[in-house]
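Observations on the model geometry
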Amino acid sequence: MKTNYKIKVNKEQAVFINADQEFGVLRHPVILEVWGGSQNDPGEKIKAGYTDIKEQGNQVEAEALISNESAGEIAVHDFYRYDEDGIVLTRQLHVKKSGIKKGIRLCTEMIPLPHEDSRFEDLRYFAPPAVFDKNDLDEDGYEDYFHTKKIVFREDRFNYPMFMCYSEKSRLAVRMEREQLPRYDSIPARAVSSETGEAEALFLQKTDIGSMGADGSGGQKLCLRACYPFAEGDATIALYIIKTIPFGAFWPLEEGEHFEISYRFSRKEHADFHDACWYHISHVIQAKKPAPAPLAASPEEIARYRLESLDRYYVEKPKAEDENEPAGYVLNCHPQKGDQLENIIQYGFTGQNILNAYHFVRYGYEHGNEEYIRRGLKTADFFANVIHIKESGMFYNLYNVDNKTVSFWWTGLLLPLAYARGEELEQLMGPLYEYRKEIIDTLLPLKGAYLRCMNEDVTALLRLYIYEKKHGREHSNWRQAILNYAGFLLKTQEDDGGWYRAYDLEGTPILEPKIWFGGTIYEQKSSTGTSISFLTELYHLTGEQKYLDAACKAGLFVKEYIIDRVRFNGGVHDSIYAKGQLIDNESILYPMFGMLSLYEAVKDNIFLEAASKAAHFCASWVCLWNVPLPSDSTLGRYGFNSIGMGACDTCGAGYVHPFQLMGVAEMAQIAVYTNDLELLEAARLYWQGCNQTVELPDRSWGYAQNGLQEEGYMISWWAVDDPMFTADTGFGNRLKGEGNKTCFPWIQAVAVKGWYALLDRFQTTDFSEILQKYL
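Below you will find a few notes about this structure. (Residues numbered from 1 in each chain as written. Predicted model: local features only at pLDDT ≥ 70, side-chain atom pairs only at ≥ 80, totals over all residues. Heavy atoms only, no water.)

1. Some thoughts on the environment of Cys 743
Assignment of secondary structure puts Cys 743 in the loop between helix 19 (723–726) and helix 20 (746–762). Cys 743 sits 411 residues away from Asn 332 along the chain, and the two C-alpha atoms are 5.6 Å apart. Each residue touching Cys 743, except ones within four places of it in the same chain, is listed here: Leu 331, Asn 332, Cys 333, Pro 335, Leu 708 and Gln 709. (Helix = DSSP H or I, 4+ residues; strand = E, 2+ residues; numbered from the N terminus. Contact = heavy atoms within 4.5 Å.)

The following block contains the structure:
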């Protein structure tokens with residue numbers, strides 16, 4: 001066997017070597033944490049060296065025996081071996097005699113690249129979806145959302161249980177990963193305190209879920225840290241959004257108990273951070289060959305059921321009832337029940353009304369459904385005639401059908417703010433209203449719109465206009481609204497090519513409060529990428545160079561600030577975390593769309609390279625392993641497979657959703673342009689995984705109607721004790737293995753868009769055909 005890896009083990013430490021250079025050191029080879037059972041007891045740390053070491057060929061066997069009053073008698077057997085891909089450490093712990101403590105945890109701490117003597121802020125990190133760089137948009141050296149230098153997470157928060165640190169100085173990446181994937185997990189029994197009423201945050205549990213990450217807190221030397229069972233501390237939303245407390249499990253410290261855990265450590269040189277990140281994903285795709293659940297019906301059937309389900313939530317009012325004559329798709333329900341919560345027409349983000357209208361019109365012509373056509377056209381007319389603000393060129397984001405008024409700002413999770421007040425608001429939102437009260441009170445008096453929301457549905461209106469015009473049907477009111485909005489974009493584009501996240505009705509950027517609209521250029525102008533495709537497509541329609549020039553200017557901004565610097569953020573509009581600007585999947589999806597549209601418009605390789613980078617980061621949000629779920633959970637009972645599902649945001653790592661269906665065709669197209677087989681496979685994984693949970697006649701997920709799909713799913717712990725979600729709002733019981741009890745029109749929009757886009761670009765939705773024909 002040829003390998004550049006070597007191991008040196010003595011009683012005090014283990015040294016990992018690659019290419020004759022140390023890349024990792026276990027300064028204390030055995031670290032135990034023993035717990036006495038109290039919530040005030042974080043665990044006693046016990047460090048030990050080896051008492052016996054045996055070497056044979058490419059393997060080293062080492063043993064440590066620990067004996068004291070707290071732990072009892074513990075034997076740890078470590079087996080080191082190396083191969084061409086790295087160094088594997090298999091650890092076996094046996095409780096020979098119980099001590100006075102009740103639980104035990106085995107920890108592994110490795111100092112990466114010891115010759116560089118790095119601090120936390122010196123390295124860059126990658127463990128999607130939990131960590132992109134350092135999640136440090138203000139570039140102060142701390143993770144932004146928890147203001148910490150300790151980023152250690154449960155392994156089921158990762159799209160693959162692997163953590164990477166990268167040095168710009170040496171261009172070396174060091175990775176730590178689970179050699180054998182976790183196989184089982186459960187919901188532990190957690191006692192509730194009679195004094196505080198809170199459930200235990202520390203508890204005994206036999207689970208195969210560990211934790212891993214980087215720890216440079218408290219002035220200590222930076223290490224990559226893994227724990228088994230898991231331990232989360234400074235950066236976790238497992239139990240609460242409103243506060244962070246240590247959270248973790250301990251294995252029962254009882255005589256005869258034992259467990260085994262194995263890790264792989266590797267070192268590799270890369271051209272740059274992006275290359276290191278893409279290898280992190282592509283290597284897993286290539287080597288592990290993750291297999292998503294097969295589609296339960298044909299893509300055509302799934303699309304038909306999706307449209308049928310959304311059509312049930314179409315609302316329109318005649319002039320006699322509302323002079324505005326509203327029309328749109330107002331789906332807003334708990335999918336298990338299907339009952340409409342409120343009649344709000346949302347544009348962009350969680351609504352995507354005009355994108356849905358486009359799909360209904362197109363499907364209606366293709367399948368002879370006149371009512372689909374009529375409703376889709378009426379929805380588009382309402383958008384162009386009423387939602388469009390002619391004076392500024394902008395669009396409103398919401399229309400309240402029952403109150404006959406437009407509304408502002410609050411979409412998605414915070415949607416009740418658009419229609420509820422007083423006791424009704426408290427009932428629907430629970431303590432979330434009080435938690436966000438300062439921001440709510442600041443924004444409620446403001447009148448304006450999010451750039452992303454406007455761009456999404458005006459782009460859809462443009463595509464619907466082009467579709468209709470191609471078939472000889474002119475809509476001058478649509479064209480006027482489209483051109484008027486384009487004028488708004490040209491007028492408000494900044495000298496650097498960017499746009500701000502939101503504008504008031506006069507077209508002035510809204511910058512306060514900073515916690516919501518951002519304090520850095522990356523945050524304030526995070527939505528710039530959403531404008532590019534609209535402008536390039538308008539250029540193709542009109543031939544006017546000014547639109548392409550603005551798109552190229554924006555593209556160069558997005559490439560430099562958002563893609564190359566890995567600072568994408570701000571796609572999600574309903575953050576409930578420490579700040580309003582989240583690092584999320586949608587904030588890199590739209591830059592990918594924009595770069596692709598620019599490359600196809602001008603054929604400049606600078607945009608293809610940027611499109612490829614953006615697509616790689618888009619692909620990094622895909623789940624590449626089947627996370628073990630509690631067998632008695634809803635998803636466990638239904639046989640959910642997490643492979644191919646898309647992660648949402650860094651703070652909510654462990655929550656997945658199907659939004660990535662929006663970009664499967666574009667990701668596949670970039671893969672074809674760049675001959676990237678792993679990228680094409682990532683698109684296929686999204687296509688199958690995110691289409692998995694649609695209610696179908698022959699495959700039920702417990703939803704009220706065929707075609708419905710839940711907005712998202714918890715495959716890790718997410719705010720399970722927070723009063724925001726334990727309150728009786730209908731959105732509770734968000735334990736691991738449960739859905740978020742939410743359904744909005746965006747789900748049908750992104751899925752049907754992905755279906756049509758694949759057909760338009762490749763004339764098929766069969767990825768094996770795409771591979772055979774184009775690669």
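2. Remarks on the pairing of strand 14 (residues 162–167)
Put simply, side chains in a regular strand alternate between the two faces of the sheet. With six of its six residues buried, strand 14 lies for the most part within the structure. Across the two faces of strand 14 the burial is the same, with Met 162, Met 164 and Tyr 166 and Phe 163, Cys 165 and Ser 167 all buried. Of the pairings in the sheet, the one linking strand 14 to strand 15 (residues 172–178) comprises six bridges and is antiparallel in character. Note that in strand 15 the partner of Phe 163 across the bridge is Met 176. Connecting strand 14 to the next strand, strand 15, in antiparallel fashion are four residues, including Arg 171 with a positive phi near 60 degrees. (Buried < 20%, exposed > 50% of the residue type's maximum accessible area, 1.4 Å probe, protein only. Pairing = 2+ DSSP bridges.)

3. With respect to the sheet that holds strand 27 (residues 398–400)
Ordered by their spatial adjacency, three strands build an open sheet running 24-27-28, and the pairing between neighbours is antiparallel. Both outer strands of the open sheet, strand 24 (344–346) and strand 28 (405–407), are each paired with one neighbouring strand and no more. On average, each strand axis in the sheet is tilted by 25 degrees relative to the strand beside it, whichever way the strands run. Alignment of strand 27 against strand 28, held across three bridges, turns out to be antiparallel. If you follow Leu 398 over to strand 28, its bridge partner there is Ser 407. (Axes fitted to C-alpha atoms, helices over the stretch in contact; angles between N-to-C directions.)

4. Structural notes on the packing of aromatic side chains
The tally for this structure, following the rule as stated, stands at 48 aromatic pairs. Measuring from ring centre to ring centre gives 6.1 Å for Phe 153 and Phe 158, while their planes differ by 75 degrees; the resulting arrangement is edge-to-face. Overall, the relative accessible area of 1% leaves Phe 158 in the buried class. Counting every residue linked through ring pairs, the aromatic cluster contains Tyr 5, Phe 16, Phe 23, Tyr 50, Tyr 80, Tyr 263 and Phe 265. (Phe/Tyr/Trp six-rings, centres within 6.5 Å; stacked < 30°, edge-to-face > 60°.)

5. Focus on the sheet that holds strand 33 (residues 713–714)
Taken in spatial order, the three strands line up as 31-32-33 in an open sheet, and their pairing is antiparallel. Only two strands of the sheet have a single neighbouring strand rather than two, namely strand 31 (646–647) and strand 33. In the sheet, strand 31 pairs with strand 32 (residues 655–657) via two bridges, with the strands oriented antiparallel. Residue Gly 646 lies in a different strand from strand 32, and its bridge partner there is His 657.

6. Side note on the pattern of salt bridges
If you walk through the whole model with that rule in mind, you get 56 salt bridges. Here Asp 721 ties to Arg 190 by a salt bridge, and the two come within 2.5 Å at their closest N and O atoms. Remark: Arg 190 occurs in the loop between strand 15 and strand 16 (202–204) and Asp 721 occurs in the loop between strand 33 and helix 19; sequence separation between them is 531 residues. On the basis of relative accessible area, Asp 721 is assigned to the buried category, the value being 17%. With a relative accessible area of 17%, Arg 190 lands in the buried category. Of the charged contacts in the structure, one is a salt bridge between Glu 456 and Arg 452, with a shortest N-O distance of 3.0 Å. On the criterion of helical spacing, the pair formed by Glu 456 and Arg 452 is a turn pair, its members being four residues apart in helix 8 (residues 451–470). Linked through salt bridges whose partners overlap, the residues forming this network are Arg 124, Asp 133, Lys 134, Glu 139, Glu 168 and Arg 567. (Salt bridge = Lys/Arg side-chain N within 4 Å of Asp/Glu carboxyl O.)

7. A few points about the environment of Glu 391
Tracing the backbone through its elements, the reader meets Glu 391 in the loop between strand 25 (388–389) and strand 26 (394–395). Note on Glu 391: relative accessible area 73%, which makes it exposed. In this structure the C-alpha to C-alpha distance between Glu 391 and Gly 507, which are 116 residues apart in sequence, comes to 9.6 Å.

8. A short note on helix 20
When the terminal C-alpha atoms of helix 20 are compared, their 24 Å separation across 17 residues agrees well with the 24 Å that a helix rising 1.5 Å per residue should span. Across the 17 residues that make up helix 20, a large majority, 14, are buried. Phi turns positive, to about 60 degrees, at Gln 763, one or two residues after helix 20. (Expected span 1.5 Å × (residues − 1).)

9. With respect to the nonpolar core
A general tendency of soluble globular proteins is for nonpolar side chains to be buried together. In this structure, Leu 32, Ile 74, Tyr 80, Tyr 125, Phe 163 and Phe 534 are the most contacted members of the largest nonpolar core, which totals 243 residues. Counting residues in hydrophobic clusters, the runner-up holds ten residues, among them Ala 201, Tyr 240, Ala 249 and Val 720. (Core = buried A, V, L, I, M, F, W, Y, C linked by side-chain atoms within 4.5 Å.)

10. As for the side chain of Glu 695
Within the element layout of this structure, Glu 695 appears in the loop between helix 18 (677–690) and strand 33. Despite its burial, Glu 695 remains without a salt bridge, the nearest opposite charge being carried by Arg 699 at 7.7 Å. Here Tyr 703 takes part through its backbone nitrogen, which lies 3.2 Å from a polar atom of the side chain of Glu 695. Excluding residues within four positions of it along the chain, Glu 695 makes contact with Ser 700, Trp 701, Gly 702, Tyr 703, Gln 705, Asn 706, Gly 707 and Leu 708. (Lys, Arg positive; Asp, Glu negative; His and termini not counted. Polar contact = N/O pair within 3.5 Å; in protein donor to acceptor, adjacent residues only side chain to side chain.)

11. Details of the packing of helix 14 (residues 586–602) against helix 17 (residues 664–674)
Packed helices, taken two at a time, are described by the angle their axes make and the gap between the axes. At a closest axis distance of 10 Å, the pairing of helix 14 and helix 17 adopts a crossing angle of 50 degrees. Accordingly, the angle class assigned to the pair helix 14 and helix 17 is oblique. When you trace helix 14 past helix 17, the crossing you get is left-handed. Between helix 14, through Met 592, Phe 593, Leu 596, Tyr 599 and Glu 600, and helix 17, the contact on the second element is made entirely by Glu 666, Met 667, Gln 669, Ile 670 and Tyr 673. Along the lines of polarity and charge, the residues of the contact of helix 14 with helix 17 split into seven nonpolar, one polar and two charged. (Parallel < 35°, antiparallel > 145°, perpendicular 65-115°, else oblique. Left-handed = near helix turned anticlockwise from the far one by under 90°. Nonpolar A, V, L, I, M, F, W, Y, C, P; charged D, E, K, R; others polar.)

12. A word on the state of the cysteines
Linking two cysteines covalently through their sulfur atoms gives a disulfide. Per the stated rule, a full pass over the model turns up zero disulfides. There is no disulfide at Cys 277, and the cysteine sulfur nearest it, in Cys 165, is 12 Å away. Overall, the relative accessible area of 2% leaves Cys 277 in the buried class. Cys 333 takes part in no disulfide bond, and the closest cysteine sulfur to it belongs to Cys 743, at a distance of 4.5 Å. Assessed through its relative accessible area of 1%, Cys 333 is described here as buried. (Disulfide = S-S within 2.5 Å.)

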